[in-house]
Amino acid sequence: MGKKKVDDEAIVSAYAQLGSVWKAAKAVNLCGQTVHERLVRIGKIKPANVFTEDEREMLRKEYTEHRNKGKLDSLAQKMGRTKPFLCRQARAMGLTNAKGFKPYAEKAGSNPYAKFHARVRSLRGDPRKCEICGEDNPSKYYDWANITGDYENPDDYKRMCRPCHRKHDKSRPMLAHLRGAAS
Ligand SMILES: [Zn+2]
């Protein structure tokens, strides 16, 4: 006979005793994703939209490294979650900070801002008005202006006319410094 499959009971009791998917997984010698899926199937834990404390802990440990290597897909797979779901959680936990553009910024000659701005444009369309002063004259230029430095987050941008955009950027010493270094 080959290896005996770990039965549901063993998983449930390990989870009940240890109170953690990851600890239970270690105890029964399975990967966390498998244990998570099994517990979901058995009905011991809720499947979607509930992000457990364990998962939070794991995301806190692994998000930045995976993101910087462009490996969020494999983290999502490992955790049995979708990438957009993980990214939403990471954002809510404050893990998506300015470090996010480091791998791009490090490449000589690359312009991370162009890339992020293109992404915002593709997701949210071309800006045709200013959300600051209310200008919407179609002959004026409008930009997507980043608000807090979370460049990778498409929601961290506002539509602005050029004068408002310039004023906004001047009020942000960090951004001015980075632009100086990039150009
Ligand atoms: Zn304006």
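Note that the structure is predicted; figures quoted are calculated from it, not measured.

### Section: the overall build of the protein chain
- Each helix and strand counted, the protein chain has 10 helices and 2 strands in total.
- Taken from N to C terminus, the helices and strands of the protein chain fall in the order α-α-α-α-α-α-α-α-β-β-α-α.
- For the protein chain, buried positions account for 22% of its 183 residues.
- Restricting the contact set of the protein chain to residue pairs at least 6 apart, pairs at least 24 apart contribute 48%.

### Some words on the packing of helix α1 (residues 8-18) against helix α3 (residues 32-42)
- Where α1 meets α3, the closest approach of the two axes is 10 Å, and the angle between their N-to-C directions is 100°. Classified by the interaxial angle, the pair formed by α1 and α3 is roughly perpendicular. Residue-level inspection shows Asp-8, Ile-11, Val-12 and Tyr-15 of α1 in contact with α3, the latter providing Val-35, Arg-38, Leu-39 and Ile-42.

### Considering the nonpolar core
- Counting 11 residues, the largest nonpolar core consists of Phe-116, Val-120, Cys-130, Tyr-142, Trp-144, Ala-145, Tyr-151, Tyr-157, Met-160, Cys-161 and Cys-164.
- If sequence neighbours within four positions are ignored, Ala-145 has contacts with Tyr-157, Lys-158, Met-160, His-165 and His-168.

### As for the environment of Ile-45
- Inspection of the secondary structure assignment puts Ile-45 in the loop between α3 and α4 (53-68).
- For Ile-45, a count of 16 C-beta atoms within 10 Å corresponds to the partly exposed category.
- Separated by 24 residues in the primary sequence, Ile-45 and Val-21 place their C-alpha atoms 9.6 Å from one another.
- If sequence neighbours within four positions are ignored, Ile-45 has contacts with Leu-39 and Val-40.

### Focus on unusual backbone geometry
- We note that Asn-29 has phi near 60°; this positive angle belongs to a residue other than glycine.
- Note on placement: Asn-29 falls in the loop between α2 (21-27) and α3.

### Side note on the pairing of strand β1 (residues 142-146)
- Where burial is concerned, most of β1 is hidden: 5 out of the 5 residues are buried.
- On β1, burial covers both faces: Tyr-142, Trp-144 and Asn-146 on one face and Asp-143 and Ala-145 on the other are all buried.
- As judged from the 5 bridges shared by β1 and strand β2 (residues 157-161), these two strands associate in the antiparallel manner. Paired with Asp-143 across the two strands is Met-160, which belongs to β2.

### Things to note about the environment of Glu-65
- Here Glu-65 lies in helix α4.
- Here Glu-65 falls in the exposed class, since 10 other C-beta atoms lie within 10 Å of it.

### Considering the confidence of the model for the protein chain
- Summing up the model confidence of the protein chain, the mean pLDDT is 80 and the portion of residues at 70 or higher is 81%.
- Averaged pLDDT values over the elements of the protein chain bottom out at 41 in helix α7 (residues 102-106) and peak at 95 in β2.
- When the criterion is pLDDT under 50, residues 98-108 qualifies, and its contacts beyond four places in sequence or with other chains add up to 14 contacts.

### What to know about the environment of Val-35
- Mapped onto the elements, Val-35 comes out in helix α3.
- The contacts of Val-35, once residues within four sequence positions are left out, are Ile-11, Val-21, Ala-24, Ala-25, Val-28 and Leu-30.

Rules behind the numbers
Numbering of residues begins from 1 in every chain and follows the order in which that chain's sequence is written. In view of the model being predicted, local features appear only for residues whose pLDDT reaches at least 70, and side-chain atom pairs are presented and counted only at 80 or more, with totals across whole chains, interfaces and linings using the full set of residues. Labels follow the DSSP assignment, with helices taken as runs of H or I lasting at least four residues and strands as runs of E lasting at least two, numbered in each case from the N terminus. Residues are called buried when their C-beta atom has 20 or more other C-beta atoms within 10 Å, exposed when it has 12 or fewer, and partly exposed otherwise; all C-beta atoms are positioned from the backbone. Any residue pair is listed as a contact if its two C-beta atoms, each placed from the backbone, are within 7 Å. Orientation is described by axes fitted as lines to C-alpha atoms, over the contacting stretch for helices, and by angles from 0 to 180 degrees between their N-to-C directions. By the definition adopted for this analysis, an angle is roughly parallel if under 35 degrees, roughly antiparallel if over 145, roughly perpendicular if from 65 to 115, and oblique otherwise. To define a nonpolar core, we join buried Ala, Val, Leu, Ile, Met, Phe, Trp, Tyr and Cys residues through C-beta atoms within 7 Å and take the resulting set. Pairs of strands are assigned from DSSP output, requiring at least two bridges between the strands. Confidence per residue, as judged by the predictor, is encoded in pLDDT with a range of 0 to 100.

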